[in-house]
Amino acid sequence: MKYPLPENTRISLDGFCDQLEKSIGSKFVSGVLYGKLARNINKTADMSVNFMVVLEEISTANLDAVGEALRKAKVQIELLTLSEEDLRSSTDVFPIKFLDIKRTHVIYRGKDVLSELEISKENLRLRCEQEIKNLMLRLRLNYVSRKQNSKSIASLLSRIYLSLIRNLGVLVELKSGDVLTTNSDIIDGAGKLGIDTAVLQDVEKLRQDNFSNDLEDRKRLLEKVMQCVRDAAVMADKL
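The rules we used
Throughout, residues of each chain are indexed from 1 in the direction in which the sequence is written. Local features in this predicted model are restricted to residues of pLDDT 70 or higher, and side-chain atom pairs are both shown and tallied only at a pLDDT of 80 or more, whereas totals for entire chains, interfaces and linings draw on every residue. The basis for the side-chain values is all heavy atoms of the structure; hydrogens and waters are excluded. A run of H or I in DSSP counts as a helix once it spans at least four residues, and a run of E counts as a strand once it spans at least two, with each numbered from the N terminus. A helix is expected to reach a length of 1.5 Å times the quantity of its residues less one. Only protein chains enter the accessibility calculation, which uses a 1.4 Å probe; a residue is then buried when its area is under 20% of its type maximum, exposed when over 50%, and partly exposed in between. A contact between two residues is defined here by any heavy atoms of the two lying within 4.5 Å. N or O atoms within 3.5 Å of each other form a polar contact, as long as, within protein, one can give a hydrogen and the other can take it, and as long as residues adjacent in sequence are counted only when both atoms are side-chain atoms. Take a side-chain nitrogen of Lys or Arg and a carboxyl oxygen of Asp or Glu: if they are within 4 Å of each other, that pair is a salt bridge. We define a nonpolar core as any set of buried Ala, Val, Leu, Ile, Met, Phe, Trp, Tyr and Cys residues linked to one another through side-chain atoms lying within 4.5 Å.

Colleague: Please clarify how helix α5 (residues 121–144) should be interpreted in this entry.
Modeller: Residues that lie three or four places apart on an α-helix share one face, since the helix turns once every 3.6 residues. For α5, spanning 24 residues, the distance from its first C-alpha to its last is 35 Å, which sits close to the expected 34 Å at 1.5 Å a residue. Those residues of α5 that sit buried are L124, R125, C128, E129, E131, I132, L135, M136, L139 and N142. Buried residues along α5 sit against α4 (95–103), α6 (150–176) and α9 (215–237). Its side-chain oxygen at 3.2 Å from the backbone nitrogen of E122, S120 defines the N-terminal cap of α5.

Colleague: What am I meant to see in the pattern of salt bridges here?
Modeller: Pairing between side chains of opposite charge can happen when the charged atoms of each approach one another. Considering all chains together, one arrives at 17 salt bridges under this definition. Across the pair E68 and K72 runs a salt bridge, and its minimum N-O distance is 3.3 Å. Within this pair, E68 and its partner K72 are both found in helix α2 (residues 60–72), separated by four residues, close to a single helical turn. The exposure class assigned to E68 is partly exposed, which follows from its relative accessible area of 36%. We classify K72 as partly exposed; its relative accessible area is 47%. For R207, the salt bridge is made with E204, and the minimal N-O distance between the two is 3.2 Å. Pair noted here: R207 and E204 are both in helix α8 (residues 197–207), with a separation of three residues, about one helical turn. Residue classification places R207 among the partly exposed residues on the basis of a relative accessible area of 33%. Look at the salt bridges and you will find they share partners, linking R10, D14, D18, E21 and R109 into a network.

Colleague: Just to check I follow, could you spell out the nonpolar core for this structure?
Modeller: Buried together is how nonpolar side chains tend to be arranged in soluble globular proteins. Core analysis: the biggest nonpolar cluster contains 53 residues, and M52, F98, L139, L157 and V225 have the highest contact counts within it. Tallying contributions element by element places α6 first for this core, with 13 residues. Contact partners of L157, with chain neighbours within four places excluded, come to L139, V203, L206, L221, L222 and V225. Within the second largest apolar cluster, 23 residues are counted, among which are A38, V53, V75 and V106.

So yeah, pure geometry; function would need other evidence.
This is the structure in structure tokens:
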């Protein structure tokens with residue numbers, strides 16, 4: 001398969017898939033590249049590889065073959081192993097994850113298992129609300145469970161930022177129908193819904209080490225992020 005990957009990554013993935021085809025044959029249904037390396041941006045040779053292996057059936061023999069191929073791989077592979085039935089039956093509990101994989105993936109080897117995958121709008125809405133409310137609770141727990149300083153607040157906000165952006169992207173899609181992929185587009189879209197996007201831009205500055213080191217300034221930023229998350233949770237609940 002021809003796909004613009006770092007050479008070492010491509011060679012290792014080819015070897016991984018070749019090994020699976022050799023050891024289990026047609027029971028290896030599909031190999032799917034997803035995540036950062038499936039997006040045509042910022043590829044580097046040291047990136048871990050998000051890869052989904054779809055098997056005809058899940059058995060210890062098949063999993064042994066996958067494990068042996070994984071151990072021989074020359075790059076770090078973050079592996080998701082499913083049967084076709086697992087894939088079809090998991091979209092209700094992981095709709096955001098599988099929607100992202102469906103939209104941004106490469107069928108690296110074998111059958112196209114994603115083009116017909118159906119993801120319910122209501123499952124998306126419920127999962128979006130769950131994840132946003134989980135972020136809300138995690139922010140509070142992490143804040144009260146330890147003595148805070150400017151560094152710990154920066155770490156906390158950085159940890160939740162990408163998850164928040166991802167869920168805001170789903171919220172924008174559910175509200176407006178717009179499918180947005182870049183962080184900047186999602187922030188703009190969230191702003192049109194009434195979300196305070198200035199605070200998201202400040203968190204981005206914080207992640208780039210371009211925001212005040214003062215503890216009180218960072219506490220105020222955290223409070224604004226908490227309000228932003230609460231507003232998004234209310235919006236998801238009312239959809």
